[in-house]
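Overview (structure and organization)
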2 protein chains.
Amino acid sequence: MKKIVIIGGGFGGMNLAKNLAGTKGTDVILVDKNNYNYFPPLIYQVASSFIEPSSISYPFRKMFQGKDNVRFYQGSFISIDTKTNEVHTSEGKLSYDYLVFAQGTQPNYFGLSAISEKALPLKNINDALKIRNTILNNMEQACKASDATERKKLMTFVIAGGGPTGVELSGMLSEMNRNIRKKDYPELANDPMHIYLVDAAQTLLGTMSKKSQQETLASLTKLGVKIKLCVAVKDFKDDTVYLSNGEQIVAKTLIWVSGVIANEVKGLPQSAVLKNRRITVNEFNRVTGTDNVFAIGDICFQNTDKAFPNGHPQVAQVAIQQGTLLAKNFKNIVNGKSPKPFRYNDKGSMAIISKYKAVAELPIGFFKGFIAWWLWLVVHILPIAGFKNKIKLVFSWLWNFISNDPTLRLIINPQKHQVLKNMPEVKSIDLEN
Amino acid sequence: MKKIVIIGGGFGGMNLAKNLAGTKGTDVILVDKNNYNYFPPLIYQVASSFIEPSSISYPFRKMFQGKDNVRFYQGSFISIDTKTNEVHTSEGKLSYDYLVFAQGTQPNYFGLSAISEKALPLKNINDALKIRNTILNNMEQACKASDATERKKLMTFVIAGGGPTGVELSGMLSEMNRNIRKKDYPELANDPMHIYLVDAAQTLLGTMSKKSQQETLASLTKLGVKIKLCVAVKDFKDDTVYLSNGEQIVAKTLIWVSGVIANEVKGLPQSAVLKNRRITVNEFNRVTGTDNVFAIGDICFQNTDKAFPNGHPQVAQVAIQQGTLLAKNFKNIVNGKSPKPFRYNDKGSMAIISKYKAVAELPIGFFKGFIAWWLWLVVHILPIAGFKNKIKLVFSWLWNFISNDPTLRLIINPQKHQVLKNMPEVKSIDLEN
């Protein structure tokens with residue numbers, strides 16, 4: 001019986017565990033700090049009050065109901081001891097025959113401590129709810145602010161990072177500014193939201209084609225998003241965002257979706273960890289200098305794939321395919337067969353720009369506008385965990401797109417409340433202090 | 001133009017504001033600490049991972065879209081100055097021509113400080129999410145606990161208070177123990193949940209009929225709920241619940257749904273405030289010793305209603321009817337007509353016991369079991385704010401009742417996460433510390 005411990009239940013880890021479910025001779029333990037898997041491509045819609053966290057989240061334990069060889073273990077990875085074949089977690093030690101790192105990345109603040117403290121990242125469900133609460137709180141504060149400068153400060157949102165998440169979020173915010181502001185906040189009828197999208201590169205969606213980049217730039221500009229390219233965010237203090245070109249944007253909110261760095265792994269041979277913390281692996285995703293430790297997805301660096309000599313892009317598809325192949329290879333190992341090397345099959349990329357508008361680059365060609373938007377919808381619903389979630393998503397999407405006005409603008413925050421739970425009539429939602 | 005300030009957007013305040021919407025000559029400001037109205041009768045289903053907060057919550061601003069004479073003001077009431085006709089809130093001062101208190105009640109801990117600190121109340125959405133997270137965290141901890149005593153401690157839930165909420169929550173938890181524990185937590189196949197329901201009275205559902213009480217007692221006992229009557233919870237320390245009969249229950253979790261006390265109001269004449277903090281009002285809900293201050297719902301005490309010489313029960317129907325009548329009376333005042341005195345029209349009461357089982361006492365008669373359950377469903381869906389929410393509720397209910405296994409067991413907690421957001425792989429859900 002081979003004990004396989006998987007650290008992280010994202011695209012890579014979840015697909016590995018799913019494909020190992022029911023495999024004789026394996027005892028699989030999936031370790032994650034959350035008790036649910038979630039769908040990162042859509043968290044920006046949670047942040048913009050468009051869908052519910054539960055529509056894109058699914059409990060691991062439900063996912064593996066009846067799969068006797070797969071167990072879930074809620075905990076946080078601390079370090080690995082390759083000599084004793086043990087991992088240390090926040091909850092205790094786990095021994096393994098095979099270990100797989102699949103815990104992905106975290107926001108990269110490039111050492112800018114002020115930004116790491118005050119900016120809002122958007123990597124997971126909790127980040128998304130924090131951003132949702134912040135946007136809604138700012139609007140409430142603005143309604144009460146007599147000073148126009150203060151109102152503008154509250155209603156200015158700077159998004160650092162012109163990748164898909166930054167593009168999609170800025171599009172959503174401008175839709176909110178257009179469709180919801182005047183209806184929900186009559187006090188702010190003459191105070192538009194100011195949405196900035198800042199990126200150090202020369203284009204948005206750097207990884208996509210010129211066509212997509214131009215289409216996106218044009219659409220967002222039309223929506224009123226203020227786009228600043230070839231400019232980096234340098235600092236964020238006293239409600240001011242400082243840019244590399246000397247410009248300053250007065251804003252209460254800076255959303256940081258500008259680059260990621262692999263989660264740190266303590267206990268591996270130095271030779272196996274790159275400067276950007278990515279773990280080097282061979283063609284079978286085995287970690288350099290180890291026999292029984294593997295890494296898949298965004299956290300690993302693999303340059304053995306002919307078509308990708310400089311490593312793969314850190315995208316969902318790579319993680320999914322690596323997880324699926326590693327499961328096959330574990331079965332091969334258990335059955336004494338030889339493993340297969342990883343080859344990435346690029347299925348293309350897409351980004352949603354605004355209501356009914358998207359860009360899609362698929363093997364079958366380039367799409368934009370409404371068709372791309374529908375493609376995006378289909379591509380993003382199919383992989384969502386749980387049939388009920390699929391129904392819920394389609395329902396909320398169609399409803400929201402038709403009504404132009406979702407009803408999820410709820411400022412909910414259990415933890416904060418708990419601290420104050422015995423004080424009557426205390427604001428339970430102020431996240432500023 | 002008469003400026004009417006309403007403190008609190010629950011059943012009473014929301015109905016008052018809704019009925020004043022569009023009334024010429026009135027300028028209405030609804031003040032609430034949350035930016036949404038929610039439906040208290042169903043928060044126990046949020047606590048038990050059965051429905052989503054958003055299914056029973058509705059943003060005030062959306063509710064009053066296009067109602068030009070109604071504005072929402074997010075803030076917490078601090079005190080009133082009847083001389084200057086001003087209320088002080090956490091966000092600043094508001095002046096009024098008429099003021100209405102409708103901020104309801106808070107949990108009553110009867111001065112038991114240990115309990116007010118460690119027990120979990122269930123009065124609002126945030127409480128419900130806190131309880132949901134606690135239950136799920138306890139189960140996760142239990143899965144990892146090697147010591148059987150520790151497991152039992154984590155899986156023992158003591159509910160203090162045998163009113164509808166206590167009855168309904170204990171029923172739900174026992175359903176979870178029956179239908180979900182073994183499927184989701186194979187580690188706990190032989191560790192049942194222990195659910196205690198404790199009340200100082202001689203019966204459950206004290207305000208309902210003997211029939212309902214007996215039916216409920218029988219059904220819950222059959223479901224495995226351990227019911228302790230004529231016993232009060234005295235203390236909660238060192239993971240032990242101390243009862244008035246000397247008994248001790250070792251448990252990590254005490255849920256407190258045992259009685260409420262009105263939210264405190266500073267600045268009113270002493271003569272107007274009772275020991276239990278309820279505000280005395282006349283037959284028009286005008287506060288004793290004031291000309292232009294009113295109180296409706298759970299926070300007020302009115303004994304001018306012939307049929308209720310000792311005041312009305314603190315239930316939704318009273319608040320709704322008082323809010324509706326007060327709106328009419330404000331219109332009368334504005335139009336120089338004389339106000340109408342309040343008479344409560346009791347529409348009966350009901351409680352859900354378990355899946356497909358409820359008790360209902362309606363003017364048309366007594367119902368139990370499946371019929372009562374359907375009645376309960378209809379009665380609780382109709383008043384939910386928002387058509388979309390109604391659809392969502394029916395969908396989740398039918399889905400969950402059919403599947404026996406909702407998919408909302410997600411431990412989500414933005415605030416906690418934010419504190420730790422820059423530490424890789426840190427558990428973002430541990431609510432214990």
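Residues numbered from 1 in each chain as written. Chains lettered and ligands numbered in written order. Predicted model: local features only at pLDDT ≥ 70, side-chain atom pairs only at ≥ 80, totals over all residues. Heavy atoms only, no water.

1. Details of the confidence of the model for chain A
Residues and elements named next belong to chain A.
- Scored by pLDDT, chain A comes out at a mean of 89, with 93% of its residues at no less than 70.
- Confidence drops under a pLDDT of 50 for residues 416–433, and excluding neighbours within four residues, the segment shows 50 contacts in the predicted structure.
- As a predicted assembly, this complex carries a pTM of 0.89 together with an ipTM value of 0.87. (pLDDT = per-residue confidence, 0-100. Contact = heavy atoms within 4.5 Å.)

2. So, the sheet that holds strand 16 (residues 240–243) of chain B
Residues and elements named next belong to chain B.
- In space, the 3 strands of this open sheet follow the order 15-16-17, with antiparallel pairing throughout. Of all strands in the sheet, those with a lone pairing partner are strand 15 (233–237) and strand 17 (248–250), marking the two edges. Neighbour-to-neighbour, the strand axes of this sheet turn through a mean angle of 20 degrees, independent of strand direction.
- Note: strand 15 against strand 16, 4 bridges, orientation antiparallel. Of the residues in strand 16, the one forming a bridge with Asp235 is Tyr242. (Pairing = 2+ DSSP bridges. Helix = DSSP H or I, 4+ residues; strand = E, 2+ residues; numbered from the N terminus. Axes fitted to C-alpha atoms, helices over the stretch in contact; angles between N-to-C directions.)

3. Some details on the packing of helix 1 (residues 11–20) of chain B against helix 10 (residues 316–334) of chain B
All names here are of chain B.
- Where helix 1 contacts helix 10, the two axes come as close as 7 Å, and the packing angle between them is 30 degrees. Considering their axes alone, helix 1 and helix 10 lie roughly parallel with respect to each other. Viewed along their axes, helix 1 and helix 10 form a crossing whose handedness is right-handed. Along its contact with helix 1, which presents Phe11, Gly12, Asn15, Leu16, Asn19 and Leu20, the element helix 10 presents Ala316, Ala319, Ile320, Gly323, Thr324, Leu326, Ala327, Phe330 and Lys331.
- Partitioning the contact of helix 1 with helix 10 into residue classes produces 9 nonpolar, 5 polar and 1 charged. (Parallel < 35°, antiparallel > 145°, perpendicular 65-115°, else oblique. Left-handed = near helix turned anticlockwise from the far one by under 90°. Nonpolar A, V, L, I, M, F, W, Y, C, P; charged D, E, K, R; others polar.)

4. Re the packing of aromatic side chains
- Taken as a whole and assessed by the stated rule, the structure comprises 24 aromatic pairs over all chains.
- An angle of 25 degrees between the planes, with centres 6.1 Å apart, marks the rings of Tyr109 of chain B and Trp256 of chain B as stacked. Note that Tyr109 of chain B is positioned in the loop between strand 10 (105–107) and helix 4 (113–118) and Trp256 of chain B in strand 18 (residues 253–256), a separation of 147 residues in sequence.
- When the ring of Phe308 of chain B is compared with that of Tyr344 of chain B, the centres are 5.3 Å apart and the planes differ by 55 degrees; the resulting orientation is tilted. Of this pair, Phe308 of chain B sits in the loop between strand 22 (300–301) and helix 10 while Tyr344 of chain B sits in the loop between helix 10 and strand 23 (349–354); the two residues are 36 residues apart in sequence, bridging distant segments of the chain.
- By relative accessible area, which is 11% here, Tyr344 of chain B ends up buried.
- Clustering of aromatic rings is evident, with ring pairs tying together Tyr98, Phe294 and Phe330 of chain A.
- Over the ring of Tyr196 of chain A we find Lys226 of chain A; its NZ or CZ atom is 5.5 Å from the centre of that ring.
- We note Lys237 of chain B situated over the ring of Tyr242 of chain B; from NZ or CZ to the ring centre the distance is 5.4 Å. (Phe/Tyr/Trp six-rings, centres within 6.5 Å; stacked < 30°, edge-to-face > 60°. Buried < 20%, exposed > 50% of the residue type's maximum accessible area, 1.4 Å probe, protein only. Lys NZ or Arg CZ within 6 Å of the ring centre and 35° of its normal.)

5. What about a positive patch on the surface?
- A contiguous patch of positive charge on the surface is contributed by Lys328, Lys331, Lys337 and Lys340 of chain B.
- Inspection of the secondary structure assignment puts Lys340 of chain B in the loop between helix 10 and strand 23. (Patch = residues over 30% accessible without salt bridge, like charges linked within 9 Å, V, L, I, M, F, W, Y side chains within 5 Å. Areas by Shrake-Rupley, 256 points an atom, 1.4 Å probe, with all protein chains shown as cover. Salt bridge = Lys/Arg side-chain N within 4 Å of Asp/Glu carboxyl O. Lys, Arg positive; Asp, Glu negative; His and termini not counted. Charge placed at Lys NZ, Arg CZ, Asp CG, Glu CD.)

6. Quick look at the pairing of strand 6 (residues 77–81) of chain B
Residues and elements named next belong to chain B.
- Here 4 bridges tie strand 6 to strand 7 (residues 86–89), and the two strands are oriented antiparallel to one another. Considered in strand 7, the bridge of Ser79 is made with His88.
- The turn linking strand 6 back onto strand 7 is made up of 4 residues, and Asn85 within it adopts a positive phi angle of 55 degrees.

7. Some thoughts on the side chain of Ser212 of chain B
- By the secondary structure assignment, Ser212 of chain B is in helix 9 (residues 210–222).
- Ignoring sequence-local partners within four residues, the contact set of Ser212 of chain B consists of Leu205, Val359, Glu361 and Phe366 of chain B.

8. Observations regarding a nonpolar patch on the surface
All names here are of chain A.
- A contiguous nonpolar surface patch, about 610 Å² in accessible area, is contributed by Tyr356, Phe370, Trp374, Val378, Leu382, Val394 and Leu398.
- Contributing elements (two or more residues each) for the nonpolar patch: helix 11 (369–381) and helix 12 (387–403).
- A total of 3 residues in the nonpolar patch trace back to one element, the largest contributor, which is helix 11.
- Note on placement: Phe370 falls in helix 11.

9. Some points on the sheet that holds strand 21 (residues 293–295) of chain B
Residue and element names in this part refer to chain B.
- With respect to topology, 5 strands assemble into an open sheet ordered 5-2-1-9-21, the strand pairing being parallel. Each edge of the open sheet carries a strand with a single partner, namely strand 5 (70–74) and strand 21. Recorded for the sheet is a direction-independent mean angle of 20 degrees between the axes of neighbouring strands.
- Here strand 1 (residues 2–7) pairs with strand 9 (residues 98–101) via 4 bridges, running parallel. Bridge pairing in strand 9 places Ile4 opposite Tyr98.
- Contacts from helix 10 reach strand 1, strand 2 (26–32), strand 9 and strand 21, with the element oriented near 170 degrees to strand 9.

10. Observations regarding the pattern of salt bridges
- Applying the stated criterion across every chain, the model contains 26 salt bridges over all chains.
- Between Arg61 of chain B and Glu140 of chain A there is a salt bridge whose closest N-O contact spans 2.8 Å. Linking Arg61 of chain B in helix 3 (residues 60–63) with Glu140 of chain A in helix 5 (residues 125–144), this pair reaches from one chain into another.
- The class of Arg61 of chain B is buried, set by a relative accessible area of 7%.
- The exposure class of Glu140 of chain A is buried, given its relative accessible area of 1%.
- Across the pair Lys153 of chain A and Glu150 of chain A runs a salt bridge, and its minimum N-O distance is 3.9 Å. Of this pair, Lys153 of chain A and Glu150 of chain A both sit in helix 6 (residues 148–154), 3 residues apart, roughly one helical turn.
- Judged by its relative accessible area of 19%, Lys153 of chain A falls in the buried class.
- We classify Glu150 of chain A as partly exposed; its relative accessible area is 25%.
- Within this structure, Glu150, Lys153, Asp239 and Lys252 of chain A form a network of salt bridges that share partners.

11. Things to note about unusual backbone geometry
Residues and elements named next belong to chain B.
- Unlike most non-glycine residues, Cys230 shows phi in positive territory, near 55 degrees.
- On the secondary structure map, Cys230 appears in the loop between strand 14 (226–229) and strand 15.
- Residue classification places Cys230 among the partly exposed positions, given a relative accessible area of 49%.
- The backbone of Asp238 sits at a positive phi, close to 50 degrees, despite the residue not being glycine.
- On the secondary structure map, Asp238 appears in the loop between strand 15 and strand 16.
- A relative accessible area of 63% places Asp238 in the exposed class.

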